[in-house]
Amino acid sequence: SPSEEAANGDADAPPSSTPDESSKEQTQSRKLKVRLQRSRRFQQGAAPFILFTAFPYMMQIIIYGGINKYAALCLQHDLHRTVRLNELFNHDNHLIATATETATSPEGYASSMDVALSTAYDIFNRKLFSLPKVLLLPNVMAKQPWLVVQVVPFIFLSDLVKDSAVAFVTRKIESLQKQIKELSSIRGKVEAFDMKNAELLQRSGKSSTAFTQRRWESLTVQIQARQVVSDLLTRSKMFFAFMQRNFVFGALIDCALANLLAIGKITSADTFVFSRAVEDAVDMFLTRSRAEAELGRMATEHDKLDELDDIWTRSKNRILLPCHVDPIEHKTMIFRNLHYTRGTATVRADHVELERGVYALTGANGSGKSTLFRVVMSCNTNEKPVDLPPSINLLTPAEPLTEADDLMREVACEANDGDIGPNEPEDENVPSSPTDEERSGECIADPNASDADKTCIADTAGDETGESQKSDKIEAHPRLSVTMPSSSVTEISQNFYWPLYSTPLEFFFQSERFDDFTPEEIDNRAAKVASELHSLLFFQPVTVDEDNDEVDENASIARIADELKQEKEDWFGDLSGGQKSKAELVRKVFLQDECPGVLLVDETMAPLDPTSKAIVMARLKSFCASSIIIVIYHTDATQESGGNGTLTECVPSSGFFDHNMHLEQGQLLVRPTC
């Protein structure tokens with residue numbers, strides 16, 4: 001019925017809400033509207049924030065950070081060049097000392113400088129970047145001092161314990177890494193040397209290759225053994241640091257932040273910022289222990305640079321022979337009381353005078369011929385003196401001065417012991433204006449040398465009475481004296497240097513910068529060198545054609561010129577021994593305006609064929625007519641009959657040698673050729 005349907009309809013209708021429930025719904029509705037409004041405002045403000053706040057800040061960080069990094073890289077590269085280039089070539093002995101006293105290459109030392117500087121930069125940059133977050137802590141810590149007292153000590157204590165353990169392991173790792181780098185440097189040099197001389201190694205005997213393999217294997221095993229220990233220690237250190245950071249250090253920070261959340265000092269949105277702030281604060285205050293690995297690596301690289309500095313400082317103490325240049329005639333080389341040893345060789349030159357000409361220097365193997373060249377090259381009057389190696393010892397002569405000119409020289413030295421110049425005589429014993437018949441005494445010495453090292457030349461043309469009176473003034477004792485005819489002294493040694501990856505022409509004119517030359521100037525210089533080399537039969541000459549053996553001079557010179565202008569990995573290494581000798585003679589002698597005053601030739605002619613040797617000898621004889629040339633000579637001497645019927649050993653002049661310097665029983669003698 002209708003009444004029943006109405007009743008059922010009333011029963012199905014939802015119950016009416018109470019006033020409290022209605023109020024809650026309204027409150028929730030208002031909160032939802034507020035949240036929606038906040039969400040809309042956030043959405044509306046997100047784009048302006050990104051465009052006008054975040055993006056400018058990001059660009060500011062990128063730009064200023066880039067400028068900062070660029071400045072740091074400029075400084076780093078300047079210091080890199082200082083170690084690898086500028087200081088290395090700033091002194092003649094730096095390069096030699098670095099090559100002989102350490103296994104580390106210039107690249108290794110420059111890398112040490114890079115690591116030290118980049119590590120310092122990264123540490124300072126990291127601390128400065130974290131400073132704004134750290135500045136948030138003082139305000140919170142001031143409001144909760146007890147929290148600071150309860151939590152902060154444990155945070156610092158746990159970090160100190162961890163850092164102490166990490167520091168110990170880091171020192172072990174750095175020590176191993178230093179050994180690994182030194183061994184790797186040695187292995188690299190050994191491998192490079194053996195690879196360069198692989199053909200000679202193959203021809204050195206049936207066991208040579210096996211020996212080289214064992215040597216390589218020994219170095220590799222030593223490096224790998226240390227690398228394994230270093231890797232294991234590094235892994236253990238990283239695992240320990242991870243455990244302490246996440247399960248001890250992180251837990252203590254979480255406890256402190258939970259307390260701040262509970263009392264309403266910070267919100268949940270701030271936990272990440274304050275967590276980083278606390279961590280950065282601890283990291284800043286414990287920089288030394290926190291950055292132990294980085295600082296340890298810096299210390300290792302710093303020690304390497306200190307070693308390099310010590311090597312370079314020692315190398316500046318030059319070992320040069322005190323000599324002087326003949327101030328009058330400029331044509332005589334005189335050795336007085338020269339006594340030196342090297343290994344088992346002992347040489348004495350009590351009084352040896354060399355006039356202009358070509359000398360054949362002879363003597364048994366190991367008698368000290370090449371050592372004499374090193375002694376002459378060490379004269380401090382040379383344009384480019386070369387230090388005496390430690391293996392050469394200069395000794396005080398065993399015999400006192402007995403010759404009149406030596407005693408006169410001693411008198412002149414005594415007279416000039418004060419700062420008296422050659423034209424400022426102290427007394428009548430040292431004339432101020434020497435004539436053709438007289439030579440004034442002049443003392444010339446290294447400023448750092450002692451009085452005993454001073455050398456001088458003296459008047460050798462005084463009358464006998466005067467000499468006797470002057471000789472009575474001094475006690476006869478040995479004094480070393482080396483007189484050079486010129487400061488221009490050139491040595492052509494047994495082994496030659498030539499740079500890799502360069503054009504040969506550049507090294508022939510090494511004092512000039514080819515970047516500033518025009519193509520025409522380069523062609524002219526190439527033609528000049530090619531002409532000199534062609535005159536010494538450097539390459540097989542080019543003939544006119546196959547049927548005509550006549551040499552085409554222009555084509556031959558052009559061929560050599562083209563060769564000189566091409567960059568090759570090792571042009572000099574591909575030449576024969578004779579070609580190398582010719583190239584050195586052209587570079588050091590024949591390209592110069594005049595021949596050096598003293599030319600020392602150490603077995604340079606040995607690899608020349610007879611025709612080339614004759615050409616080179618004739619060219620030297622004519623070009624260096626006013627010089628003193630000393631050539632180490634190993635060809636068998638001949639026997640010449642003396643006036644009393646005895647046979648005398650002598651060196652054939654061959655139209656080239658004028659005299660024979662001979663080393664026999666430790667004495668340097670000059671004898672004629674035959």
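Procedures and definitions
- Residues numbered from 1 in each chain as written.
- Predicted model: local features only at pLDDT ≥ 70, side-chain atom pairs only at ≥ 80, totals over all residues.
- Heavy atoms only, no water.
- Buried < 20%, exposed > 50% of the residue type's maximum accessible area, 1.4 Å probe, protein only.
- Helix = DSSP H or I, 4+ residues; strand = E, 2+ residues; numbered from the N terminus.
- Pairing = 2+ DSSP bridges.
- Right-handed = clockwise from strand over helix to strand, strands pointing away.
- Patch = residues over 30% accessible without salt bridge, like charges linked within 9 Å, V, L, I, M, F, W, Y side chains within 5 Å.
- Areas by Shrake-Rupley, 256 points an atom, 1.4 Å probe, with all protein chains shown as cover.
- Salt bridge = Lys/Arg side-chain N within 4 Å of Asp/Glu carboxyl O.
- Phe/Tyr/Trp six-rings, centres within 6.5 Å; stacked < 30°, edge-to-face > 60°.
- Core = buried A, V, L, I, M, F, W, Y, C linked by side-chain atoms within 4.5 Å.
- Contact = heavy atoms within 4.5 Å.
- pLDDT = per-residue confidence, 0-100.
- Polar contact = N/O pair within 3.5 Å; in protein donor to acceptor, adjacent residues only side chain to side chain.
- Axes fitted to C-alpha atoms, helices over the stretch in contact; angles between N-to-C directions.
- Parallel < 35°, antiparallel > 145°, perpendicular 65-115°, else oblique.
- Left-handed = near helix turned anticlockwise from the far one by under 90°.
- Lys, Arg positive; Asp, Glu negative; His and termini not counted.
- Charge placed at Lys NZ, Arg CZ, Asp CG, Glu CD.

## Points about the pairing of strand β12 (residues 598–601)
Phase 1 of the analysis: Of the two faces of β12, both are covered, the one formed by Val598 and Leu600 as well as the one formed by Leu599 and Val601.
Phase 2 of the analysis: For β12 and strand β13 (residues 628–632), the ladder comprises 4 bridges, and the chain directions are parallel. What sits directly across from Val601, in β13, is Val631.
Phase 3 of the analysis: Crossover β12 to β13 through helix α19 (residues 610–623) is right-handed.

## As for a nonpolar patch on the surface
Phase 1 of the analysis: On the surface, Phe55, Met58, Met59, Ile62, Ile63, Tyr64 and Ile67 cluster together into a nonpolar patch covering about 700 Å² of accessible area.
Phase 2 of the analysis: Within the element layout of this structure, Ile62 appears in helix α2 (residues 19–86).

## Some remarks on the packing of aromatic side chains
Phase 1 of the analysis: Scanning all chains against the criterion turns up 12 aromatic pairs.
Phase 2 of the analysis: Arranged with centres 6.2 Å apart and planes meeting at 25 degrees, the rings of Phe538 and Trp571 form a pair that is stacked. Here Phe538 is found in the loop between α16 (519–535) and β10 (543–545), whereas its partner Trp571 is found in the loop between α17 (553–564) and α18 (577–590), with 33 residues between them in sequence. Grouping residues by exposure puts Phe538 and Trp571 together as buried.
Phase 3 of the analysis: Taking the centre distance of 5.0 Å and the plane angle of 70 degrees together, the rings of Tyr633 and Phe657 count as edge-to-face. On the criterion of sequence distance, the pair formed by Tyr633 in the loop between β13 and β14 (638–641) and Phe657 in the loop between β15 (647–650) and β16 (659–664) is long-range, its members being 24 residues apart.
Phase 4 of the analysis: With relative accessibility at 12%, the residue Tyr633 sits in the buried group.
Phase 5 of the analysis: Through successive ring pairs, a cluster of aromatic residues spans Phe496, Tyr497, Trp498, Phe507, Phe508, Phe538, Phe539, Trp571 and Phe572.

## Examining unusual backbone geometry
Phase 1 of the analysis: Phi angles above zero are rare outside glycine, and Asn337 is one such case at about 55 degrees.
Phase 2 of the analysis: Positionally, Asn337 belongs in strand β2 (residues 333–342).
Phase 3 of the analysis: On the basis of relative accessibility, which here comes to 6%, the residue Asn337 falls in the buried class.
Phase 4 of the analysis: The phi dihedral of Leu537 is positive, around 60 degrees, even though this residue is not glycine.
Phase 5 of the analysis: Of note, Leu537 is situated in the loop between α16 and β10.

## Details of the nonpolar core
Phase 1 of the analysis: Phe508, Val529, Leu564, Leu599 and Leu620 are the most contacted members of the largest nonpolar core, which totals 45 residues.
Phase 2 of the analysis: Breaking this core down by element, the ones donating at least two residues are β4 (357–363), α15 (504–508), α16, α17, α18, β12, α19 and β13.
Phase 3 of the analysis: Here the element with the most residues in this core is α18; it accounts for 5 residues.
Phase 4 of the analysis: When neighbours within four sequence positions are excluded, Val529 is seen to be in contact with Leu505, Phe508, Phe509, Leu564, Val586 and Leu591.

## Focus: the confidence of the model for the protein chain
Phase 1 of the analysis: The predicted model of the protein chain averages 78 in pLDDT, with 76% of residues at 70 or higher.
Phase 2 of the analysis: With pLDDT under 50 throughout, residues 410–476 is counted as low confidence; its partners more than four residues away or in other chains account for 92 contacts.

## Topic: the environment of Val586
Phase 1 of the analysis: Its place among the elements puts Val586 in helix α18.
Phase 2 of the analysis: C-alpha separation for the pair Val586 and Ala530, spaced 56 residues apart in sequence, amounts to 9.7 Å.
Phase 3 of the analysis: With sequence-adjacent residues up to four places away left out, Val586 is seen in contact with Phe508, Val529, Glu532, Leu533, Leu536 and Leu591.

## A few points about helix α12 (residues 369–377)
For an α-helix, the turn length of 3.6 residues means that residues three or four places apart are oriented alike.
Phase 1 of the analysis: α12 sits mainly inside the fold: 7 of its 9 residues count as buried.
Phase 2 of the analysis: Buried within α12 are the following residues: Lys369, Thr371, Leu372, Phe373, Val375, Val376 and Met377.

## Some words on the side chain of Asn660
Phase 1 of the analysis: With respect to the element layout, Asn660 can be found in strand β16.
Phase 2 of the analysis: A polar contact of 2.7 Å, which involves the side chain of Asn660, links it to the backbone oxygen of Ala360.
Phase 3 of the analysis: Within polar-contact distance, the side chain of Asn660 engages the side chain of Thr362 at 3.1 Å.
Phase 4 of the analysis: When sequence neighbours within four positions are dropped, the list of residues in contact with Asn660 reads Ala360, Thr362, Val651, Leu669, Val670, Arg671, Pro672 and Thr673.

## Thoughts on the packing of α16 against α18
Phase 1 of the analysis: Where α16 contacts α18, the two axes come as close as 10 Å, and the packing angle between them is 125 degrees. Our classification of the angle between α16 and α18 gives oblique. Our pair here, α16 against α18, has a crossing hand that is right-handed. Judged by residue contacts, Val529, Glu532 and Leu533 of α16 engage Lys582, Ala583, Val586 and Phe590 from α18.

## Section: a negative patch on the surface
Phase 1 of the analysis: Taken together, Asp303, Asp306, Asp309 and Asp310 make up a surface patch of like negative charges.
Phase 2 of the analysis: For Asp306, the position within the fold is in helix α11 (residues 292–315).
Phase 3 of the analysis: The class for Asp306 is partly exposed, based on a relative accessible area of 36%.

## A short note on the pattern of salt bridges
Phase 1 of the analysis: Going through the model one piece at a time under the given rule, you end up with 13 salt bridges.
Phase 2 of the analysis: The salt bridge partner of Glu101 is Arg314, with a shortest N-O separation of 2.7 Å. Here Arg314 lies in helix α11 and Glu101 lies in helix α3 (residues 92–101), a separation of 213 residues in the sequence.
Phase 3 of the analysis: Classification of Arg314 by relative accessible area gives partly exposed; the value is 46%.
Phase 4 of the analysis: Members of the salt-bridge network, linked through shared partners, are Lys181, Glu301 and Lys304.

## Notes on the side chain of Ser486
Phase 1 of the analysis: Mapped onto the fold, Ser486 is located in the loop between β8 (481–484) and β9 (489–492).
Phase 2 of the analysis: Here the side chain of Ser486 touches Ser488 through a polar contact of 2.9 Å, landing on its backbone nitrogen.

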